[in-house]
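# Overview (structure and organization)
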Amino acid sequence: MKEHRARKRFGQNFLQDKAVIQDIVRAVRPQFEDTVIEIGPGLAAITEPLAASVKQLHVIEIDRDIVARLRHLPFASKLVIHEGDVLQFDFNSIAGRKKIVGNLPYNISTPLLFRFGEYVDDIIDMHFMLQKEVVERMVAATGTNDYGRLSIMLQYFFDMECLIDVPPESFKPAPKVDSAVVRMIPQKGRIGIARDFAHFAALVKQAFQQRRKTIHNNLKDWADDAVMIEVGIDPGDRPERIAPEMYVTLSNHLLDVAASA
Ligand code: SAM
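What you see is a predicted model; the values in this text were computed from it and never measured.

### Re the pairing of strand β9 (residues 179–186)
Judged by how many residues are buried, β9 sits mostly within the fold: six of eight residues are covered. Looking at chain direction, strand β6 (residues 123–131) and β9 are connected through six bridges and run antiparallel. Note that in β9 the partner of methionine 126 across the bridge is methionine 184.

Right, dumping it as structure tokens:
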């Protein structure tokens, strides 16, 4: 088969580094009967060792040429190929609790990560290769420069851990940025339960509208200072100084205040 030319628009940076591939598969620990889904199998660097450990492997791939290649792989009979855009993919269409894996196309990683909350109850764990800078934002602690909306919205659903740092030379073509592998394990409830998730999400978005401004400023159309003080938030603080659970508490409290008005 002709050599595949990497397509930039699909974020194609193919993993070459055998040690990293092995480390990823070891971290995923696929068991024979597990329902494993790989996003963006590409030229099958991770797909092949994953497929060797499970009965069946689901793969989601947008690039038609790559899909054609996947169909000709010696282990193709083990693959269930879903051709299309992962951003449109309904993960509920695959039954059972899932392990999800992927060296993700960096251009769609943030919108994709935001979608997984929807499926949290059916996820065992997820392992993703991402831009290192994104992983740092995901796992960031309150008060750090990397802490923000992405940290809060993902920490609401998942425990996350950065497992492996991966340099550009591990890929072909080499990306311009460093990468890292993150593990995400569902932990819903760890920082409280938002009674109205959409309200909580909108509140967090609004709180970080202008990072450099105080929470009083960012939330002036949402919450009186008195309400913030009631739940233990200093209105003079910047949004990055407020812990994820405080946003959950504030959202629930605002709903109570609105209901009793
Ligand atoms: N897994 C391979 C590896 O590690 O070498 C390829 C990783 S490459 C960074 C990203 C893969 O995701 C490519 O195969 C690309 O075609 C696919 N992809 C890009 N955008 C996608 C999308 N929206 N939906 C599904 N697959 C996508």
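### Side note on the site of the ligand
In the neighbourhood of the ligand, 23 residues make up the surrounding shell, with Gln12, Leu15, Gly40, Glu61 and Asp85 lying closest. In this structure, leucine 15 approaches the ligand through a main-chain N or O atom, which is 2.8 Å from an oxygen atom. A distance of 2.9 Å separates a nitrogen atom of the ligand from a polar backbone atom of valine 86. Protein chains bury 98% of the 590 Å² of accessible surface belonging to the ligand in isolation. Of all the secondary structure elements, the ones that give two or more residues to the shell around the ligand are β1 (14–15) and β3 (57–61). Tallied by class, residues from the shell around the ligand come to 12 nonpolar, seven polar and four charged.

### Details of the pattern of salt bridges
Close approach of charged atoms lets side chains of opposite charge pair. A full pass over the atoms with the stated rule returns 12 salt bridges. A salt bridge links arginine 195 to aspartate 256; its shortest N-O distance comes to 2.7 Å. With a gap of 61 residues between them, arginine 195 in the loop between β9 and α7 (197–207) and aspartate 256 in helix α10 (residues 244–260) connect regions that are remote in the sequence. Accessibility expressed as a relative area gives 52% for arginine 195, which makes it exposed. When its relative accessible area of 38% is taken as the criterion, aspartate 256 is described as partly exposed. Through salt bridges with shared partners, a single network forms among Arg7, Asp63 and Asp65.

### Here's the deal with the packing of aromatic side chains
As enumerated under the stated definition, the model contains 12 aromatic pairs in all. Plain terms: the ring middles of phenylalanine 116 and phenylalanine 128 are 5.5 Å apart, the flat faces sit at 25° to each other, and that makes the pair stacked. Note that phenylalanine 116 is positioned in the loop between α4 (109–115) and β6 and phenylalanine 128 in strand β6, a separation of 12 residues in sequence. Residue classification places phenylalanine 116 among the buried positions, given a relative accessible area of 0%.

### As for the domain arrangement of the protein
Interface extent is often summarised as the accessible area lost during association of the parts. According to the domain assignment, the protein consists of domain 1 (8–186) and domain 2 (197–260). Between domain 1 and domain 2, the C-alpha centre-to-centre distance is 33 Å. Taken together, the 12 residues of domain 1 in the interface contact 15 residues of domain 2. Together, the buried faces of domain 1 and domain 2 total about 1,100 Å²; carbon and sulfur atoms form 74% of this surface. Seen at the junction of domain 1 and domain 2, the total is zero salt bridges.

### Some words on the sheet that holds β3
On the basis of which strands lie adjacent, the open sheet formed by seven strands has the order β4-β3-β2-β5-β6-β9-β7 and mixed pairing. Where the open sheet ends on each side, the last strands, each with one partner, are β4 (79–83) and β7 (158–166). The average undirected angle you get between the axes of adjacent strands in this sheet is 20°. In the sheet, strand β2 (residues 35–39) pairs with strand β5 (residues 98–103) via five bridges, with the strands oriented parallel. For valine 36, the partnering residue across the bridge sits in β5 and is lysine 99. On top of the sheet, helix α3 (residues 64–71) reaches β3 and β4; it is set at about 165° to β4, its chief contact.

### Side note on the environment of histidine 253
Tracing the chain through its elements places histidine 253 in helix α10. Contacts of histidine 253, omitting those with residues within four sequence positions, involve Val227, Glu230 and Val231.

### Digging into the side chain of glutamate 38
If you trace the backbone, glutamate 38 turns up in strand β2. Buried within the structure, glutamate 38 lacks any salt-bridge partner; lysine 78 is the closest side chain of opposite charge, at an N-O distance of 13 Å. Every residue in contact with glutamate 38, bar those within four places of it in the chain, is listed here: Ile46, Thr47, Leu50, Leu57, His58, Val59, Ile60 and Val101.

### Digging into the packing of α7 against α10
Two measures define how a pair of helices packs: the angle their axes make with one another and the distance between the axes. Packing of α7 against α10 leaves a shortest axis separation of 9 Å and a crossing angle of 115°. The handedness of the crossing between α7 and α10 is right-handed. Here His199, Phe200, Leu203, Val204 and Ala207 of α7 lie close against α10, whose contacting residues are Tyr247, Val248, Leu250, Ser251, Leu254 and Leu255. Grouping the constituent residues of the contact of α7 with α10 by class yields nine nonpolar, two polar and no charged.

Thresholds applied
Residues numbered from 1 in each chain as written. Predicted model: local features only at pLDDT ≥ 70, side-chain atom pairs only at ≥ 80, totals over all residues. Heavy atoms only, no water. Buried < 20%, exposed > 50% of the residue type's maximum accessible area, 1.4 Å probe, protein only. Helix = DSSP H or I, 4+ residues; strand = E, 2+ residues; numbered from the N terminus. Pairing = 2+ DSSP bridges. Near = heavy atom within 4 Å. Polar contact = N/O pair within 3.5 Å; in protein donor to acceptor, adjacent residues only side chain to side chain. Areas by Shrake-Rupley, 256 points an atom, 1.4 Å probe, with all protein chains shown as cover. Nonpolar A, V, L, I, M, F, W, Y, C, P; charged D, E, K, R; others polar. Salt bridge = Lys/Arg side-chain N within 4 Å of Asp/Glu carboxyl O. Phe/Tyr/Trp six-rings, centres within 6.5 Å; stacked < 30°, edge-to-face > 60°. Domains from an automatic or database assignment. Contact = heavy atoms within 4.5 Å. Buried area = accessible area lost by both parts, 1.4 Å probe. Axes fitted to C-alpha atoms, helices over the stretch in contact; angles between N-to-C directions. Lys, Arg positive; Asp, Glu negative; His and termini not counted. Left-handed = near helix turned anticlockwise from the far one by under 90°.

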